[in-house]
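# Remarks on the overall topology
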Protein chains: 2
Amino acid sequence: MLTQTLNTQAINTQVRGKIAPAHPPAHPVSDQFGAITGHAGLVATEFSYRKDEEIYGEDEPAEYVYQVVSGAVRSYKLLSDGRRQIGAFHLPGDVFGLESGPTHRLAAEAIIDTHVRLVKRASLEKAAGTDVLVARKLWAMTAGELRHAEDHMLLLGRKTAMERVATFLLEMDRRLAVAGMMALPMCRRDIGDYLGLTLETVSRALSQLHAQGILGFSGARQIVLRNRARLHHLDA
Amino acid sequence: MLTQTLNTQAINTQVRGKIAPAHPPAHPVSDQFGAITGHAGLVATEFSYRKDEEIYGEDEPAEYVYQVVSGAVRSYKLLSDGRRQIGAFHLPGDVFGLESGPTHRLAAEAIIDTHVRLVKRASLEKAAGTDVLVARKLWAMTAGELRHAEDHMLLLGRKTAMERVATFLLEMDRRLAVAGMMALPMCRRDIGDYLGLTLETVSRALSQLHAQGILGFSGARQIVLRNRARLHHLDA
DNA sequence: CGTCCTATTGAATAACTTCAAACCCGGTGG
DNA sequence: CCACCGGGTTTGAAGTTATTCAATAGGACG
(Lines give C-alpha, C1' and ligand atoms only; values in the text may rest on other atoms or scores of the structure.)
Protein backbone atom coordinates (compact mmCIF):
# COMPACT_ATOMS: atom_id res chain seq x y z
CA MET A 1 0.00 0.00 0.00
CA LEU A 2 1.51 3.24 -1.09
CA THR A 3 -0.66 5.27 1.24
CA GLN A 4 1.32 4.00 4.16
CA THR A 5 4.60 5.22 2.80
CA LEU A 6 3.04 8.65 2.42
CA ASN A 7 2.90 9.11 6.11
CA THR A 8 6.33 9.82 7.44
CA GLN A 9 5.28 9.70 11.05
CA ALA A 10 4.03 6.16 10.72
CA ILE A 11 7.12 5.03 8.88
CA ASN A 12 9.50 6.48 11.35
CA THR A 13 7.85 4.90 14.28
CA GLN A 14 7.57 1.54 12.67
CA VAL A 15 11.20 1.51 11.71
CA ARG A 16 12.32 2.42 15.15
CA GLY A 17 10.57 -0.18 17.20
CA LYS A 18 7.49 -1.81 18.51
CA ILE A 19 5.80 0.76 20.68
CA ALA A 20 7.71 3.74 21.84
CA PRO A 21 7.69 6.63 19.40
CA ALA A 22 11.07 8.19 18.72
CA HIS A 23 10.49 10.66 21.51
CA PRO A 24 8.50 9.13 24.33
CA PRO A 25 5.72 11.46 25.50
CA ALA A 26 6.18 13.27 28.80
CA HIS A 27 2.91 11.63 29.77
CA PRO A 28 3.54 8.40 31.71
CA VAL A 29 2.80 5.72 29.18
CA SER A 30 4.63 3.02 31.12
CA ASP A 31 3.50 0.42 28.65
CA GLN A 32 0.01 -0.34 29.86
CA PHE A 33 -0.17 -3.46 27.76
CA GLY A 34 3.07 -4.76 29.17
CA ALA A 35 1.66 -4.59 32.66
CA ILE A 36 -0.95 -7.06 31.52
CA THR A 37 0.68 -9.19 28.88
CA GLY A 38 3.84 -9.59 30.90
CA HIS A 39 1.80 -10.95 33.75
CA ALA A 40 -0.46 -13.28 31.93
CA GLY A 41 1.53 -14.27 28.90
CA LEU A 42 -1.04 -13.00 26.44
CA VAL A 43 -0.38 -13.00 22.73
CA ALA A 44 -0.36 -9.57 21.13
CA THR A 45 -0.89 -9.22 17.38
CA GLU A 46 0.09 -6.22 15.27
CA PHE A 47 -2.07 -4.54 12.71
CA SER A 48 -2.21 -1.41 10.57
CA TYR A 49 -4.97 0.95 9.50
CA ARG A 50 -4.83 3.57 6.80
CA LYS A 51 -5.87 7.16 7.29
CA ASP A 52 -9.63 7.42 7.96
CA GLU A 53 -10.06 3.68 8.11
CA GLU A 54 -12.59 2.38 10.61
CA ILE A 55 -11.16 0.20 13.37
CA TYR A 56 -14.52 -0.70 14.85
CA GLY A 57 -18.02 0.72 14.77
CA GLU A 58 -20.34 1.92 17.50
CA ASP A 59 -22.13 -1.00 19.22
CA GLU A 60 -19.98 -3.59 17.50
CA PRO A 61 -18.95 -6.60 19.58
CA ALA A 62 -15.77 -5.75 21.46
CA GLU A 63 -13.52 -8.56 20.32
CA TYR A 64 -10.16 -6.87 20.76
CA VAL A 65 -8.39 -4.36 22.95
CA TYR A 66 -5.91 -2.10 21.18
CA GLN A 67 -2.79 -0.12 21.88
CA VAL A 68 -1.54 2.56 19.54
CA VAL A 69 2.02 1.85 18.45
CA SER A 70 2.25 4.75 16.02
CA GLY A 71 -0.26 7.10 14.46
CA ALA A 72 -3.44 8.41 16.07
CA VAL A 73 -7.04 7.31 16.57
CA ARG A 74 -10.33 9.12 17.24
CA SER A 75 -13.17 7.58 19.26
CA TYR A 76 -16.56 9.11 18.56
CA LYS A 77 -20.32 8.92 18.60
CA LEU A 78 -22.67 10.10 15.87
CA LEU A 79 -26.19 11.48 15.93
CA SER A 80 -28.58 10.32 13.24
CA ASP A 81 -28.06 13.49 11.19
CA GLY A 82 -24.29 13.17 11.20
CA ARG A 83 -23.33 15.44 14.07
CA ARG A 84 -20.28 13.91 15.67
CA GLN A 85 -18.77 14.06 19.14
CA ILE A 86 -15.23 12.82 19.48
CA GLY A 87 -14.77 11.53 23.02
CA ALA A 88 -11.03 10.98 22.92
CA PHE A 89 -7.92 11.00 20.80
CA HIS A 90 -5.61 8.01 21.24
CA LEU A 91 -1.89 8.60 20.74
CA PRO A 92 1.11 6.28 20.78
CA GLY A 93 1.16 4.22 23.95
CA ASP A 94 -2.55 4.67 24.65
CA VAL A 95 -4.85 1.71 25.10
CA PHE A 96 -8.30 2.00 23.54
CA GLY A 97 -11.29 -0.21 22.81
CA LEU A 98 -11.25 -1.69 26.31
CA GLU A 99 -14.79 -2.55 27.38
CA SER A 100 -16.23 -4.13 30.48
CA GLY A 101 -19.42 -5.02 28.62
CA PRO A 102 -19.85 -6.86 25.33
CA THR A 103 -19.76 -3.98 22.81
CA HIS A 104 -17.83 -0.87 21.82
CA ARG A 105 -19.85 2.14 22.78
CA LEU A 106 -17.91 4.52 20.56
CA ALA A 107 -16.62 3.96 17.06
CA ALA A 108 -12.90 4.26 16.35
CA GLU A 109 -11.06 5.41 13.23
CA ALA A 110 -7.44 5.97 12.34
CA ILE A 111 -6.76 9.70 11.99
CA ILE A 112 -3.58 9.01 10.06
CA ASP A 113 -1.92 5.75 9.06
CA THR A 114 -1.73 3.87 12.33
CA HIS A 115 -0.12 0.76 13.72
CA VAL A 116 -1.66 -0.99 16.70
CA ARG A 117 -1.02 -3.97 18.89
CA LEU A 118 -4.08 -5.89 19.93
CA VAL A 119 -5.10 -8.71 22.18
CA LYS A 120 -8.30 -10.68 22.29
CA ARG A 121 -10.76 -9.33 24.77
CA ALA A 122 -11.63 -12.87 25.78
CA SER A 123 -8.05 -13.64 26.75
CA LEU A 124 -7.91 -10.51 28.89
CA GLU A 125 -11.16 -11.52 30.57
CA LYS A 126 -9.67 -14.91 31.23
CA ALA A 127 -6.49 -13.45 32.69
CA ALA A 128 -8.52 -11.09 34.86
CA GLY A 129 -10.48 -14.06 36.13
CA THR A 130 -7.39 -15.74 37.53
CA ASP A 131 -5.05 -12.85 38.24
CA VAL A 132 -6.29 -10.12 40.55
CA LEU A 133 -3.55 -7.76 39.43
CA VAL A 134 -4.75 -7.93 35.86
CA ALA A 135 -8.31 -7.28 37.00
CA ARG A 136 -7.10 -4.30 39.01
CA LYS A 137 -5.23 -2.92 36.01
CA LEU A 138 -8.25 -3.17 33.74
CA TRP A 139 -10.35 -1.32 36.28
CA ALA A 140 -7.69 1.38 36.59
CA MET A 141 -7.59 1.86 32.82
CA THR A 142 -11.36 2.27 32.61
CA ALA A 143 -11.22 4.64 35.57
CA GLY A 144 -8.60 6.68 33.72
CA GLU A 145 -10.95 6.99 30.76
CA LEU A 146 -13.74 8.02 33.10
CA ARG A 147 -11.60 10.77 34.60
CA HIS A 148 -10.90 12.14 31.16
CA ALA A 149 -14.59 12.02 30.28
CA GLU A 150 -15.51 13.87 33.46
CA ASP A 151 -13.00 16.61 32.74
CA HIS A 152 -14.29 16.79 29.20
CA MET A 153 -17.91 17.14 30.31
CA LEU A 154 -16.89 20.24 32.23
CA LEU A 155 -15.23 21.59 29.11
CA LEU A 156 -18.20 20.82 26.85
CA GLY A 157 -20.84 22.04 29.24
CA ARG A 158 -19.27 25.14 30.71
CA LYS A 159 -16.18 26.45 28.96
CA THR A 160 -16.08 29.18 26.31
CA ALA A 161 -14.64 28.53 22.86
CA MET A 162 -11.31 30.12 23.78
CA GLU A 163 -11.10 28.16 27.02
CA ARG A 164 -11.79 24.93 25.18
CA VAL A 165 -9.07 25.57 22.64
CA ALA A 166 -6.63 26.53 25.39
CA THR A 167 -7.43 23.32 27.26
CA PHE A 168 -6.97 21.33 24.07
CA LEU A 169 -3.60 22.87 23.34
CA LEU A 170 -2.35 22.17 26.85
CA GLU A 171 -3.59 18.58 26.65
CA MET A 172 -1.89 17.96 23.33
CA ASP A 173 1.25 19.72 24.51
CA ARG A 174 1.38 17.39 27.47
CA ARG A 175 0.68 14.29 25.44
CA LEU A 176 2.62 14.74 22.24
CA ALA A 177 4.96 17.70 22.39
CA VAL A 178 8.50 16.94 21.28
CA ALA A 179 11.12 19.55 22.02
CA GLY A 180 8.43 22.12 22.74
CA MET A 181 6.68 21.55 19.42
CA MET A 182 3.57 19.54 18.70
CA ALA A 183 2.63 17.91 15.42
CA LEU A 184 -1.13 17.57 15.50
CA PRO A 185 -2.33 14.53 13.60
CA MET A 186 -5.92 15.75 13.38
CA CYS A 187 -7.62 18.38 11.23
CA ARG A 188 -9.59 21.40 12.44
CA ARG A 189 -12.87 19.56 12.03
CA ASP A 190 -11.68 16.78 14.33
CA ILE A 191 -10.63 19.34 16.90
CA GLY A 192 -14.00 21.04 16.62
CA ASP A 193 -15.84 17.76 17.03
CA TYR A 194 -13.74 17.03 20.09
CA LEU A 195 -14.39 20.44 21.63
CA GLY A 196 -18.04 20.82 20.69
CA LEU A 197 -17.27 23.69 18.30
CA THR A 198 -17.21 24.25 14.55
CA LEU A 199 -13.95 24.06 12.69
CA GLU A 200 -14.21 27.79 11.94
CA THR A 201 -14.44 28.67 15.60
CA VAL A 202 -11.38 26.55 16.34
CA SER A 203 -9.49 28.26 13.55
CA ARG A 204 -10.46 31.71 14.80
CA ALA A 205 -9.35 30.92 18.33
CA LEU A 206 -6.00 29.61 17.11
CA SER A 207 -5.52 32.70 14.94
CA GLN A 208 -6.25 34.92 17.89
CA LEU A 209 -3.74 33.06 20.07
CA HIS A 210 -1.23 33.40 17.27
CA ALA A 211 -1.87 37.12 16.98
CA GLN A 212 -1.30 37.47 20.73
CA GLY A 213 2.00 35.65 20.46
CA ILE A 214 0.85 32.82 22.69
CA LEU A 215 1.61 30.24 20.03
CA GLY A 216 3.55 29.93 16.82
CA PHE A 217 2.79 27.98 13.66
CA SER A 218 5.03 26.20 11.23
CA GLY A 219 2.30 24.79 9.08
CA ALA A 220 -1.28 24.65 10.29
CA ARG A 221 -0.67 21.52 12.35
CA GLN A 222 2.77 22.25 13.72
CA ILE A 223 2.32 24.38 16.79
CA VAL A 224 4.73 25.76 19.36
CA LEU A 225 3.41 27.05 22.63
CA ARG A 226 5.26 30.24 23.46
CA ASN A 227 3.48 31.10 26.69
CA ARG A 228 1.95 28.23 28.63
CA ALA A 229 1.24 30.48 31.60
CA ARG A 230 -1.06 32.73 29.57
CA LEU A 231 -2.69 29.65 28.06
CA HIS A 232 -3.35 28.26 31.52
CA HIS A 233 -4.89 31.58 32.44
CA LEU A 234 -7.20 31.45 29.43
CA ASP A 235 -8.19 27.93 30.42
CA ALA A 236 -10.24 29.21 33.41
CA MET B 1 -34.85 17.31 62.40
CA LEU B 2 -38.09 18.49 60.94
CA THR B 3 -36.55 19.00 57.52
CA GLN B 4 -36.40 15.27 57.00
CA THR B 5 -40.08 14.69 57.61
CA LEU B 6 -40.89 17.38 55.07
CA ASN B 7 -39.71 15.24 52.24
CA THR B 8 -42.30 12.65 51.47
CA GLN B 9 -40.18 10.87 48.92
CA ALA B 10 -37.47 10.21 51.48
CA ILE B 11 -39.96 9.01 54.04
CA ASN B 12 -41.73 6.63 51.75
CA THR B 13 -38.58 4.95 50.65
CA GLN B 14 -37.15 4.69 54.09
CA VAL B 15 -40.30 3.23 55.52
CA ARG B 16 -40.65 0.63 52.85
CA GLY B 17 -37.22 -0.89 53.09
CA LYS B 18 -33.53 -0.55 52.86
CA ILE B 19 -32.90 0.12 49.23
CA ALA B 20 -35.55 -0.47 46.67
CA PRO B 21 -37.95 2.41 46.09
CA ALA B 22 -41.61 1.50 46.11
CA HIS B 23 -41.62 0.98 42.37
CA PRO B 24 -38.33 -0.39 41.21
CA PRO B 25 -37.03 1.54 38.19
CA ALA B 26 -37.08 -0.19 34.83
CA HIS B 27 -33.35 0.38 34.92
CA PRO B 28 -31.60 -2.70 36.36
CA VAL B 29 -30.58 -1.70 39.84
CA SER B 30 -30.28 -5.25 41.11
CA ASP B 31 -28.75 -4.10 44.35
CA GLN B 32 -25.24 -3.31 43.28
CA PHE B 33 -24.03 -3.20 46.85
CA GLY B 34 -25.51 -6.54 47.68
CA ALA B 35 -23.57 -8.16 44.90
CA ILE B 36 -20.45 -7.09 46.71
CA THR B 37 -21.31 -7.13 50.37
CA GLY B 38 -23.05 -10.45 50.13
CA HIS B 39 -19.93 -11.92 48.66
CA ALA B 40 -17.33 -10.45 50.91
CA GLY B 41 -19.22 -9.86 54.14
CA LEU B 42 -18.47 -6.14 54.22
CA VAL B 43 -20.00 -3.92 56.85
CA ALA B 44 -22.30 -1.23 55.51
CA THR B 45 -23.07 1.83 57.62
CA GLU B 46 -26.04 4.15 57.16
CA PHE B 47 -25.92 7.91 57.15
CA SER B 48 -28.07 10.92 56.35
CA TYR B 49 -27.44 14.27 54.70
CA ARG B 50 -29.71 17.28 54.69
CA LYS B 51 -30.69 19.18 51.57
CA ASP B 52 -27.65 20.88 49.99
CA GLU B 53 -25.22 19.29 52.40
CA GLU B 54 -21.83 18.32 51.00
CA ILE B 55 -21.05 14.61 51.06
CA TYR B 56 -17.50 14.98 49.83
CA GLY B 57 -15.50 17.60 47.98
CA GLU B 58 -13.59 17.49 44.73
CA ASP B 59 -10.12 15.94 45.17
CA GLU B 60 -10.88 14.78 48.69
CA PRO B 61 -9.51 11.38 49.68
CA ALA B 62 -12.01 8.71 48.65
CA GLU B 63 -12.58 7.01 51.97
CA TYR B 64 -16.06 5.63 51.35
CA VAL B 65 -18.26 4.29 48.60
CA TYR B 66 -21.93 5.21 48.82
CA GLN B 67 -25.31 3.93 47.78
CA VAL B 68 -28.39 6.10 47.78
CA VAL B 69 -31.13 4.58 49.90
CA SER B 70 -33.53 7.51 49.55
CA GLY B 71 -33.21 11.05 48.30
CA ALA B 72 -30.97 12.28 45.50
CA VAL B 73 -27.37 13.38 45.02
CA ARG B 74 -25.56 15.55 42.45
CA SER B 75 -21.93 14.98 41.45
CA TYR B 76 -20.24 18.02 39.95
CA LYS B 77 -17.12 19.94 39.09
CA LEU B 78 -16.60 23.68 39.45
CA LEU B 79 -14.52 26.18 37.52
CA SER B 80 -12.69 28.84 39.50
CA ASP B 81 -15.36 31.45 38.76
CA GLY B 82 -18.18 29.24 39.98
CA ARG B 83 -19.44 27.76 36.73
CA ARG B 84 -20.63 24.27 37.53
CA GLN B 85 -21.01 21.09 35.53
CA ILE B 86 -23.08 18.34 37.09
CA GLY B 87 -21.81 15.04 35.76
CA ALA B 88 -24.50 12.81 37.17
CA PHE B 89 -27.56 12.61 39.40
CA HIS B 90 -27.66 9.66 41.79
CA LEU B 91 -31.07 8.26 42.68
CA PRO B 92 -32.21 5.51 45.04
CA GLY B 93 -30.28 2.31 44.37
CA ASP B 94 -27.37 4.08 42.64
CA VAL B 95 -23.81 3.65 43.83
CA PHE B 96 -21.63 6.76 43.77
CA GLY B 97 -18.24 7.88 45.02
CA LEU B 98 -16.54 4.73 43.75
CA GLU B 99 -12.96 5.51 42.73
CA SER B 100 -10.14 3.40 41.41
CA GLY B 101 -7.61 6.04 42.44
CA PRO B 102 -7.12 7.72 45.80
CA THR B 103 -9.43 10.76 45.49
CA HIS B 104 -12.92 11.83 44.46
CA ARG B 105 -12.71 13.64 41.17
CA LEU B 106 -16.13 15.23 41.49
CA ALA B 107 -17.78 16.72 44.54
CA ALA B 108 -21.09 15.33 45.77
CA GLU B 109 -24.01 17.04 47.52
CA ALA B 110 -27.44 15.95 48.67
CA ILE B 111 -30.11 17.54 46.46
CA ILE B 112 -32.78 16.84 49.05
CA ASP B 113 -32.61 15.11 52.42
CA THR B 114 -30.87 11.86 51.61
CA HIS B 115 -30.09 8.55 53.27
CA VAL B 116 -27.11 6.52 52.12
CA ARG B 117 -25.43 3.27 52.91
CA LEU B 118 -21.66 3.35 52.79
CA VAL B 119 -18.72 1.01 53.01
CA LYS B 120 -15.07 1.78 53.49
CA ARG B 121 -13.18 2.00 50.27
CA ALA B 122 -10.28 0.15 51.87
CA SER B 123 -12.47 -2.84 52.68
CA LEU B 124 -13.70 -2.95 49.10
CA GLU B 125 -10.13 -2.82 47.86
CA LYS B 126 -9.27 -5.65 50.17
CA ALA B 127 -12.21 -7.74 49.01
CA ALA B 128 -11.31 -7.07 45.39
CA GLY B 129 -7.79 -8.25 46.11
CA THR B 130 -8.97 -11.68 47.16
CA ASP B 131 -12.21 -12.13 45.28
CA VAL B 132 -12.12 -11.82 41.52
CA LEU B 133 -15.89 -11.46 41.32
CA VAL B 134 -15.77 -8.37 43.49
CA ALA B 135 -13.00 -6.94 41.35
CA ARG B 136 -15.08 -7.63 38.25
CA LYS B 137 -18.10 -5.92 39.75
CA LEU B 138 -16.15 -2.79 40.66
CA TRP B 139 -14.83 -2.58 37.12
CA ALA B 140 -18.34 -3.01 35.72
CA MET B 141 -19.66 -0.20 37.89
CA THR B 142 -16.94 2.19 36.77
CA ALA B 143 -17.58 1.13 33.18
CA GLY B 144 -21.25 1.96 33.65
CA GLU B 145 -20.34 5.44 34.80
CA LEU B 146 -18.07 5.80 31.80
CA ARG B 147 -20.87 4.84 29.44
CA HIS B 148 -23.07 7.50 30.94
CA ALA B 149 -20.30 10.08 30.66
CA GLU B 150 -19.74 9.19 27.00
CA ASP B 151 -23.43 9.59 26.22
CA HIS B 152 -23.42 12.86 28.10
CA MET B 153 -20.43 14.21 26.17
CA LEU B 154 -22.44 13.73 22.99
CA LEU B 155 -25.32 15.63 24.54
CA LEU B 156 -23.12 18.48 25.81
CA GLY B 157 -21.05 18.81 22.69
CA ARG B 158 -23.59 18.35 19.94
CA LYS B 159 -27.24 18.50 20.97
CA THR B 160 -29.50 21.55 20.85
CA ALA B 161 -31.19 22.89 23.96
CA MET B 162 -34.47 21.16 23.10
CA GLU B 163 -32.72 17.88 22.38
CA ARG B 164 -30.90 18.06 25.70
CA VAL B 165 -34.08 18.64 27.64
CA ALA B 166 -35.83 15.83 25.78
CA THR B 167 -32.96 13.47 26.60
CA PHE B 168 -33.07 14.55 30.22
CA LEU B 169 -36.79 13.92 30.52
CA LEU B 170 -36.49 10.47 29.00
CA GLU B 171 -33.60 9.64 31.32
CA MET B 172 -35.50 10.75 34.41
CA ASP B 173 -38.65 9.03 33.22
CA ARG B 174 -36.70 5.80 32.91
CA ARG B 175 -35.00 6.19 36.27
CA LEU B 176 -37.62 7.57 38.58
CA ALA B 177 -41.06 7.55 37.01
CA VAL B 178 -43.76 6.06 39.20
CA ALA B 179 -47.09 5.33 37.58
CA GLY B 180 -46.14 7.48 34.60
CA MET B 181 -45.31 10.51 36.73
CA MET B 182 -41.92 11.76 37.81
CA ALA B 183 -41.16 13.81 40.87
CA LEU B 184 -37.96 15.65 40.08
CA PRO B 185 -35.85 16.24 43.16
CA MET B 186 -33.68 18.89 41.51
CA CYS B 187 -34.32 22.54 40.65
CA ARG B 188 -34.07 24.15 37.21
CA ARG B 189 -30.56 25.38 37.93
CA ASP B 190 -29.39 21.83 38.65
CA ILE B 191 -30.96 20.64 35.42
CA GLY B 192 -29.28 23.47 33.54
CA ASP B 193 -25.91 22.68 35.08
CA TYR B 194 -26.38 19.05 34.12
CA LEU B 195 -27.32 19.89 30.52
CA GLY B 196 -24.85 22.71 29.95
CA LEU B 197 -27.66 25.29 29.72
CA THR B 198 -29.01 28.14 31.82
CA LEU B 199 -31.99 27.56 34.05
CA GLU B 200 -34.02 29.94 31.86
CA THR B 201 -33.34 27.91 28.74
CA VAL B 202 -34.42 24.75 30.55
CA SER B 203 -37.61 26.45 31.68
CA ARG B 204 -38.39 27.71 28.18
CA ALA B 205 -37.89 24.26 26.69
CA LEU B 206 -40.18 22.69 29.28
CA SER B 207 -42.81 25.38 28.66
CA GLN B 208 -42.66 24.71 24.95
CA LEU B 209 -43.09 20.96 25.48
CA HIS B 210 -46.02 21.73 27.76
CA ALA B 211 -47.60 23.99 25.15
CA GLN B 212 -47.26 21.21 22.59
CA GLY B 213 -48.97 18.77 24.91
CA ILE B 214 -45.92 16.53 25.13
CA LEU B 215 -45.82 16.79 28.90
CA GLY B 216 -48.05 17.84 31.74
CA PHE B 217 -47.22 19.58 35.02
CA SER B 218 -48.69 19.27 38.45
CA GLY B 219 -46.31 21.60 40.16
CA ALA B 220 -43.05 22.62 38.51
CA ARG B 221 -41.30 19.41 39.51
CA GLN B 222 -44.09 16.92 39.00
CA ILE B 223 -44.08 16.00 35.35
CA VAL B 224 -46.07 13.52 33.30
CA LEU B 225 -44.85 12.53 29.88
CA ARG B 226 -47.84 12.42 27.57
CA ASN B 227 -46.04 11.52 24.37
CA ARG B 228 -42.74 9.68 24.69
CA ALA B 229 -42.62 9.02 20.96
CA ARG B 230 -42.55 12.73 20.12
CA LEU B 231 -39.99 13.25 22.85
CA HIS B 232 -37.80 10.55 21.37
CA HIS B 233 -38.16 12.27 18.03
CA LEU B 234 -37.01 15.58 19.51
CA ASP B 235 -34.03 13.81 21.06
CA ALA B 236 -32.34 13.38 17.65
C1' DC C 1 3.45 24.10 -11.60
C1' DG C 2 -1.16 23.04 -11.12
C1' DT C 3 -4.62 20.75 -8.32
C1' DC C 4 -7.06 19.47 -4.38
C1' DC C 5 -7.83 19.49 0.27
C1' DT C 6 -7.44 22.05 4.39
C1' DA C 7 -7.41 26.22 6.75
C1' DT C 8 -8.39 31.09 7.25
C1' DT C 9 -11.14 35.08 7.15
C1' DG C 10 -15.45 37.84 6.55
C1' DA C 11 -20.37 38.90 7.00
C1' DA C 12 -24.89 37.67 8.24
C1' DT C 13 -27.70 34.81 11.09
C1' DA C 14 -29.33 31.94 14.80
C1' DA C 15 -29.23 30.08 19.36
C1' DC C 16 -28.59 30.70 23.71
C1' DT C 17 -27.51 33.80 27.59
C1' DT C 18 -28.12 37.73 30.38
C1' DC C 19 -30.66 40.96 32.77
C1' DA C 20 -35.06 42.10 34.51
C1' DA C 21 -39.68 41.67 36.06
C1' DA C 22 -43.72 39.07 37.20
C1' DC C 23 -45.72 34.96 38.89
C1' DC C 24 -46.67 30.90 41.49
C1' DC C 25 -46.83 28.05 45.23
C1' DG C 26 -45.47 25.91 49.53
C1' DG C 27 -44.57 27.12 54.07
C1' DT C 28 -45.06 30.42 58.02
C1' DG C 29 -47.11 33.12 61.15
C1' DG C 30 -50.82 36.11 62.46
C1' DC D 1 -58.09 30.01 58.09
C1' DC D 2 -56.06 33.34 55.55
C1' DA D 3 -52.50 36.75 54.42
C1' DC D 4 -47.94 37.12 53.66
C1' DC D 5 -43.23 35.82 52.61
C1' DG D 6 -39.61 34.02 49.91
C1' DG D 7 -37.35 30.80 46.96
C1' DG D 8 -38.02 28.86 42.70
C1' DT D 9 -40.00 29.29 38.17
C1' DT D 10 -41.69 31.53 34.16
C1' DT D 11 -41.67 34.98 30.74
C1' DG D 12 -39.91 39.04 28.15
C1' DA D 13 -36.43 41.88 25.77
C1' DA D 14 -31.81 42.91 24.72
C1' DG D 15 -27.23 41.35 24.15
C1' DT D 16 -23.49 38.04 23.16
C1' DT D 17 -21.33 34.13 21.41
C1' DA D 18 -20.81 30.88 18.29
C1' DT D 19 -22.66 29.10 13.86
C1' DT D 20 -23.60 29.29 9.10
C1' DC D 21 -22.72 30.50 4.57
C1' DA D 22 -19.39 32.17 1.43
C1' DA D 23 -15.08 33.43 -0.47
C1' DT D 24 -10.07 33.53 -0.27
C1' DA D 25 -5.63 31.72 0.93
C1' DG D 26 -2.20 28.26 1.88
C1' DG D 27 0.34 23.75 1.38
C1' DA D 28 1.30 19.14 0.20
C1' DC D 29 1.58 16.24 -3.47
C1' DG D 30 1.48 14.54 -8.04
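Residues numbered from 1 in each chain as written. Chains lettered and ligands numbered in written order. Predicted model: local features only at pLDDT ≥ 70, side-chain atom pairs only at ≥ 80, totals over all residues. Heavy atoms only, no water.

The name given to chain A in an unreviewed UniProt entry is Nitrogen fixation protein FixK, with Bradyrhizobium betae as the source organism.

### A closer look at the interface of chain A and chain B
How large an interface is tends to be reported as the accessible area lost when its parts come together. Taken together, the contacts link 44 residues of chain A with 44 residues of chain B. The largest per-residue losses of area from chain A upon contact with chain B belong to A:Trp139, A:Met153 and A:Arg158, which jointly make up 21% of the total buried on that side. Here chain A and chain B share ten salt bridges between them. Linking A:Glu125 and B:Arg136 is a salt bridge whose minimum nitrogen-to-oxygen distance equals 3.3 Å. Taken together, the connections running from chain A to chain B amount to 21 residue pairs in polar contact (both at pLDDT 80 or more). Sorting the residues of the side of chain A that touches chain B by element identifies strand S4 (73-78), strand S5 (84-90), helix H4 (121-130), helix H5 (132-158) and helix H7 (188-195) of chain A as the ones contributing at least two each. When residues in the side of chain A that touches chain B are grouped by element, the largest group, 20 residues, is from H5(A). A breakdown of the residues in the side of chain A that touches chain B according to their chemical character gives 18 nonpolar, eleven polar and 15 charged. (Contact = heavy atoms within 4.5 Å. Buried area = accessible area lost by both parts, 1.4 Å probe. Salt bridge = Lys/Arg side-chain N within 4 Å of Asp/Glu carboxyl O. Polar contact = N/O pair within 3.5 Å; in protein donor to acceptor, adjacent residues only side chain to side chain. Helix = DSSP H or I, 4+ residues; strand = E, 2+ residues; numbered from the N terminus. Nonpolar A, V, L, I, M, F, W, Y, C, P; charged D, E, K, R; others polar.)

### A look at the protein's contact with DNA strand D
Around DNA strand D, a shell composed of 19 residues is seen, among which A:Ala161, A:Thr201, A:Arg204, B:Arg188 and B:Ser207 lie nearest. Close to the protein, within 4 Å, the atoms of DNA strand D belong to sugar or phosphate groups at a rate of 65%. One of the side-chain N or O atoms of A:Thr201 is found 2.3 Å from a phosphate oxygen in DNA strand D. B:Arg204 is positioned such that a nitrogen or oxygen atom in its side chain is 2.9 Å from a base nitrogen of DNA strand D. (Near = heavy atom within 4 Å.)

### Some remarks on the environment of B:Leu170
Residue and element names in this part refer to chain B. Along the chain, leucine 170 turns up in helix H6 (residues 161-176). For leucine 170, a relative accessible area of 12% gives the class buried. Counting along the chain gives 55 residues from leucine 170 to leucine 225, while the straight-line C-alpha distance between them is 8.7 Å. Among residues more than four places away in sequence, those in contact with leucine 170 are Leu225, Arg228, Leu231, His232 and Asp235. (Buried < 20%, exposed > 50% of the residue type's maximum accessible area, 1.4 Å probe, protein only.)

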